[in-house]
Amino acid sequence: MLDYETLKLVWWVLVGALLIGFAITDGMDMGVGTLLPFVGKTDVERRIAINTVGPHWDGNQVWFITAGGAIFAAWPAVYAAAFSGFYMAMLLVLFALFFRPVGFDYRSKIADPRWRSAWDWGLFAGGTIPALIFGVAFGNLLQGVPFRLDELLRAHYQGSLLTALLPLLNPFALLAGVISLAMLTVHGGTWLQLRASGAVAARARSFVVVAAPIVTLAFALAGVWLWLGIDGYRIVAEPSHGALPNPLAKEVVRAPGAWLDVYARLPIAVLVPALGLVGPLATALLARAARPGLAFVTSALGMVGIIGTAGISMFPFVMPSSLDPRSSLTVWDAASSHLTLTVMFWAVVIFLPIVLGYTVWCYAQMWGRVTAAEIETRAHSAY
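Just so you know, these numbers come straight off a predicted model, no measurement behind them.

Definitions and cut-offs
Residues numbered from 1 in each chain as written. Predicted model: local features only at pLDDT ≥ 70, side-chain atom pairs only at ≥ 80, totals over all residues. Heavy atoms only, no water. Patch = residues over 30% accessible without salt bridge, like charges linked within 9 Å, V, L, I, M, F, W, Y side chains within 5 Å. Areas by Shrake-Rupley, 256 points an atom, 1.4 Å probe, with all protein chains shown as cover. Salt bridge = Lys/Arg side-chain N within 4 Å of Asp/Glu carboxyl O. Helix = DSSP H or I, 4+ residues; strand = E, 2+ residues; numbered from the N terminus. Buried < 20%, exposed > 50% of the residue type's maximum accessible area, 1.4 Å probe, protein only. Lys, Arg positive; Asp, Glu negative; His and termini not counted. Polar contact = N/O pair within 3.5 Å; in protein donor to acceptor, adjacent residues only side chain to side chain. Contact = heavy atoms within 4.5 Å. Expected span 1.5 Å × (residues − 1). Phe/Tyr/Trp six-rings, centres within 6.5 Å; stacked < 30°, edge-to-face > 60°. Lys NZ or Arg CZ within 6 Å of the ring centre and 35° of its normal. Core = buried A, V, L, I, M, F, W, Y, C linked by side-chain atoms within 4.5 Å. pLDDT = per-residue confidence, 0-100.

(A) How the structure looks around a nonpolar patch on the surface. Taken together, the side chains of Trp-346, Val-349, Ile-350, Phe-351, Ile-354 and Val-355 define a hydrophobic patch exposed on the protein surface, amounting to about 600 Å² of accessible area. Position of Phe-351 among the secondary structure elements: in helix α14 (residues 338-369).

(B) Representation of the side chain of Lys-8. Secondary-structure assignment places Lys-8 in helix α1 (residues 4-39). Summary of buried charges: Lys-8 has no salt-bridge partner, and the nearest side chain of opposite charge, Asp-333, is 7.9 Å away. From its side chain, Lys-8 meets the backbone oxygen of Trp-332 in a polar contact 2.7 Å long. Sequence-distant contacts of Lys-8, that is, excluding residues within four places in its chain, are made with His-241, Gly-242, Ala-243, Val-331, Trp-332, Ala-335 and Leu-341.

(C) View of helix α7 (residues 113-143). Along its 31 residues, α7 runs 45 Å from first to last C-alpha, staying within 8% of the 45 Å computed at 1.5 Å per residue. The opening residue of α7, the one whose side-chain oxygen lies 3.0 Å from the backbone nitrogen of Arg-114, is Asp-112. In the segment just after α7, Gly-144 is the residue with positive phi, at about 100°.

(D) Spatial organisation of the packing of aromatic side chains. Scanning the model with the defined rule gives 20 aromatic pairs in all. Ring geometry for Phe-22 versus Phe-134: centroids 5.7 Å apart, planes at 80°, classification edge-to-face. Taken as a pair, Phe-22 in helix α1 and Phe-134 in helix α7 lie far apart in primary sequence, 112 residues in all. Overall, the relative accessible area of 8% leaves Phe-22 in the buried class. Seen in terms of ring centroids, Phe-95 and Phe-98 are 5.7 Å apart; in terms of plane orientation they differ by 50°. Their pairing is tilted. Remark: Phe-98 and Phe-95 occur in helix α6 (residues 87-106); sequence separation between them is three residues, near one turn of the helix. For Phe-98, a relative accessible area of 45% corresponds to the partly exposed category. Site record: aromatic cluster; members linked through ring pairs are Trp-12, Phe-315 and Trp-332. Above the face of the Tyr-4 ring, Lys-8 is positioned so that its terminal group lies 4.2 Å from the ring centre.

(E) Just the pattern of salt bridges, in detail. One pass over the structure, following the stated rule, counts eleven salt bridges. Among the ionic pairs, Asp-43 bridges to Arg-116, the shortest N-O distance being 2.8 Å. Taken as a pair, Asp-43 in helix α2 (residues 43-51) and Arg-116 in helix α7 lie far apart in primary sequence, 73 residues in all. Using a relative accessible area of 12% as the deciding quantity, one classes Arg-116 as buried. Notably, a salt bridge pairs Asp-150 with Arg-154, separated by 2.8 Å at the nearest N-O pair.

(F) Quick peek at the nonpolar core. Ranked by internal contacts, the top residues of the largest apolar core, which has 69 residues, are Trp-11, Met-319 and Leu-329. Among all residues touching Trp-11, those that are not within four sequence positions of it are Ala-70, Ala-74, Trp-75, Leu-341, Met-344, Phe-345 and Val-348. In this structure, Val-32, Ala-49, Val-53 and Trp-57 belong to the second largest nonpolar core, which totals 19 residues.

(G) Representation of unusual backbone geometry within the structure. With omega at 5°, the peptide bond leading from Phe-315 into Pro-316 counts as cis. Its location among the elements puts Pro-316 in the loop between α13 (292-314) and β5 (317-319). In this structure, Ala-290 takes a positive phi of about 60° despite not being glycine. With respect to the secondary-structure elements, Ala-290 resides in the loop between α12 (271-288) and α13.

(H) Broad picture of the confidence of the model for the chain. Residues at a pLDDT of 70 or more form 92% of the chain, whose mean pLDDT is 88. Taken element by element, the chain is modelled with least confidence in helix α15 (residues 372-377), mean pLDDT 53, and with most confidence in α12, mean pLDDT 96.

(I) Up close: the side chain of Asp-29. Position of Asp-29 relative to the elements: it lies in helix α1. Here Asp-29 sits buried without a salt bridge, and the closest side chain of opposite charge, Arg-100, lies 4.1 Å off (N-O distance). A distance of 2.9 Å separates polar atoms of two side chains, one belonging to Asp-29 and the other to Asn-60. Ignoring anything within four residues of it in the chain, the contact list for Asp-29 reads Val-53, His-56, Trp-57, Asn-60 and Arg-100.

Here it is as structure tokens:
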């Protein structure tokens, strides 16, 4: 049996891997949805774009569900505090996601152009709104969330649900939202260039070439802003990492540049943000050179760098508190019990290779049987 401190660290890595897996797989589908009204000028072209993700979008969304379940089980305090504070935002994401299953299944059931156009814009909303809100949420985490814990470790937020929503839409959070939206849309564009053909692939390629450098520029701007304009969080005293969780037992201070402490302690960590800067630029160059397969890989690596940068910069914080820094939730003091983490760990060890193997097999089967030309000929199907 692994010790408690090691398990806490392992689950931080696993939750991060699930979030990155969700961004790479379902983020691709969201990116296609965002691009749908722009890469498809005719009904057939839009159906070609939909057919590139139609067979597997629901399987990709399982990453999102699994990540949410992992947060609930591994970090129940984070789950409770986050869903209380971001309740309206999460509802907006949920309502936007409703458009996807209904749109994929019912768009082509009626030949009326107005019906199909309405569902095309619904799929656009189902891709754009979640991508934007996820970025805004991360932007607010880096600034601190306005909550505090009472003596019973219950989270209390400042203001009502509606009044608490407006401060979340601050300039830095919106910049993070733009990074998230552009990053996922570029990823979807590389997939369209890879799996579609003709005018759809050409328009997707043009978008990727222009938008991918914007991801790098916005990511660099966010880094400078985080360094010069936003206070980070730093733990100055805390119990043993293997102790029973108690968020209020530590002492936390806010300080300029504290989010960059990890790069001073561990210089090799700078490779992670470097990957986030270089990945989108390489994607643009490879897309321009008509190498969509490699462009898809570099786009995924860039996403790993961008999301990983947020994770390691905040470590060990998971949900900092702007009202009471001591109430901030960390990897060490927001975790479930030792037994819970142990049982979940062995479940992951046993079942994750099976799930990943099946996923790879399904993609291999689909790739071998459905070519870009066949996707185009199936443009009149239900998808």
